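Examination of the molecular architecture
The lines below spell out each chain.
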Amino acid sequence: MKKKYLILTVLIPLFYWCSFVLISNYTGGDQFAYRALYDSLATTDFWDVIEISKIYISAEEPLSLYILWAGSYFGFDKDIFISSVNTGLLVCVFLLAKRYRVNAAMLLLVFSNYYLIVLLTGAERLKFSMLFVLISALVSKRSIKIVAATASVFSHLQTLILFGSLAMGEFYFQI
């Protein structure tokens, strides 16, 4: 068994526990609206998700909203559901860091980065978007890369800025 998978067997419960502690204690700020939305989505019809989301969080990006709807509709506690998603996000960060041979000290900095903590707590739609971006970066099959990258845009439109910046960087090197 590869060393990174052995490390992941230790990290996954740790990621989940840290995420659960963070998300269950963060009830103010953005989470006030997201918690109200999540509770409301439990009784929301599939076709009404976007309209309800506009009321609670002024958002229309369908994929992240329907992922939240699925968790709520099927009765998952929000903190457990989001902690599971956060665990997936952190696993993807770890796997990508391992791919690029990031050393342990730098990995500690990555996992304690303020923006990563914001993704784990307050930035729910952006969290889903970044999860799809990371999946796109991790997979090797081109069709899955494209689907994941497209899913990231439908999770949060801000991802277009990220992709635009990457494209401009490529364009810069071509010039």
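Throughout what follows, the structure given in this document is the object of discussion. (Residues numbered from 1 in each chain as written. Predicted model: local features only at pLDDT ≥ 70, side-chain atom pairs only at ≥ 80, totals over all residues. Heavy atoms only, no water.)

1. Quick look at the overall build of the protein
Stated formally: To qualify as a helix, a DSSP run of H or I must reach at least 4 residues; to qualify as a strand, a run of E must reach at least 2; elements of each kind are numbered from the N terminus. Using C-alpha atoms as the atom set, the radius of gyration is obtained and then compared with a globule rule of 2.2 Å times the number of residues to the power 0.38. Burial classes follow relative accessibility: with a 1.4 Å probe on protein chains only, a residue under 20% of its type's maximum area counts as buried, one over 50% as exposed, and anything between as partly exposed. Contacts: residue pairs with any heavy atoms within 4.5 Å of one another. Accessible areas in this description were obtained via Shrake-Rupley with a 1.4 Å probe; residue shielding takes into account the shown protein chains only. The positive count covers Lys and Arg only, the negative count covers Asp and Glu only, and His and the chain ends enter neither. A charge is said to be at NZ when it belongs to Lys, at CZ for Arg, at CG for Asp and at CD for Glu.
A tally of regular secondary structure across the protein gives 10 helices and 0 strands. In sequence order, the protein lays out its α and β elements as α-α-α-α-α-α-α-α-α-α. Relative to the compact-globule value of 16 Å for 175 residues, the protein shows a C-alpha radius of gyration of 17 Å, a close match. On the principal axes, the C-alpha backbone points of the protein span a range of 45 × 45 × 30 Å. Taken over 175 residues, the protein has a buried fraction of 41%. Of the contacts made within the protein by residues no fewer than 6 positions apart, 66% connect residues no fewer than 24 positions apart. Split by element, the accessible area of the protein, about 10400 Å² in all, is 69% carbon and sulfur. Placing the 14 positive and 11 negative side-chain charges of the protein at their respective mean positions leaves the two points 20 Å apart.

2. Quick notes on the nonpolar core
Here is the rule: In this text, buried Ala, Val, Leu, Ile, Met, Phe, Trp, Tyr and Cys residues form a nonpolar core when linked through side-chain atoms within 4.5 Å.
In this structure, Leu 37, Leu 65, Leu 68, Leu 89 and Leu 119 are the most contacted members of the largest nonpolar core, which totals 42 residues. Listing elements by their share of this core, those giving two or more residues are helix H1 (3-25), helix H2 (30-41), helix H3 (49-57), helix H4 (62-73), helix H5 (78-99), helix H7 (114-120) and helix H8 (124-138). With residues up to four places along the chain from it excluded, the contact list for Leu 65 reads Leu 37, Leu 41, Val 49, Ile 50, Ser 53, Ile 57, Ala 59, Glu 60 and Arg 125.

3. Describing H8
Residues lying three or four places apart along an α-helix face the same way, a consequence of the helix completing one turn every 3.6 residues. Note the following rule: An expected span of 1.5 Å times one less than the residue number is assigned to each helix.
The terminal C-alpha atoms of H8 lie 21 Å apart, and with 15 residues this matches the ideal 21 Å at 1.5 Å per residue to within 8%. Along H8, 13 of the 15 residues are buried, which leaves the element largely enclosed by surrounding structure.

4. Examining unusual backbone geometry
Unlike most non-glycine residues, Ser 58 shows phi in positive territory, near 55°. Tracing the sequence through the fold places Ser 58 in the loop between H3 and H4. Accessibility expressed as a relative area gives 66% for Ser 58, which makes it exposed. One non-glycine residue, Arg 101, lies in positive phi territory at about 55°. Tracing the sequence through the fold places Arg 101 in the loop between H5 and helix H6 (104-111).

5. Things to note about a nonpolar patch on the surface
Basically, it comes down to this: Patch members must show over 30% relative accessible area and no salt bridge, and they are joined within 9 Å when carrying like charges or within 5 Å when they are nonpolar side chains of Val, Leu, Ile, Met, Phe, Trp or Tyr. Each salt bridge in this description consists of a side-chain nitrogen of Lys or Arg and a carboxyl oxygen of Asp or Glu lying within 4 Å of one another.
A surface patch of nonpolar side chains, about 290 Å² in accessible area, is lined by Leu 14, Trp 17 and Val 21. Along the chain, Leu 14 turns up in helix H1. Residue Leu 14 is classed as partly exposed on the basis of its relative accessible area of 41%.

6. Some words on the packing of aromatic side chains
Definition in use: Two rings from Phe, Tyr or Trp (for Trp, the six-membered ring) form a pair when their centres sit within 6.5 Å of each other. Planes less than 30 degrees apart are called stacked, planes more than 60 degrees apart edge-to-face, and all others tilted.
Inspection of the entire model under this criterion finds 12 aromatic pairs. Summarising the aromatic geometry, the rings of Phe 46 and Trp 69 are spaced 5.3 Å apart at their centres and angled 80° between planes, so their arrangement reads as edge-to-face. Separated by 23 residues along the polypeptide, Phe 46 in the loop between H2 and H3 and Trp 69 in helix H4 bring together distant segments of the chain. A residue is classified by how much of its surface remains accessible, and Phe 46, at 33% relative accessible area, is partly exposed. Every member of this aromatic cluster is reached through a ring pair, and the members are Phe 46, Trp 47, Tyr 66, Trp 69, Tyr 73 and Phe 74.

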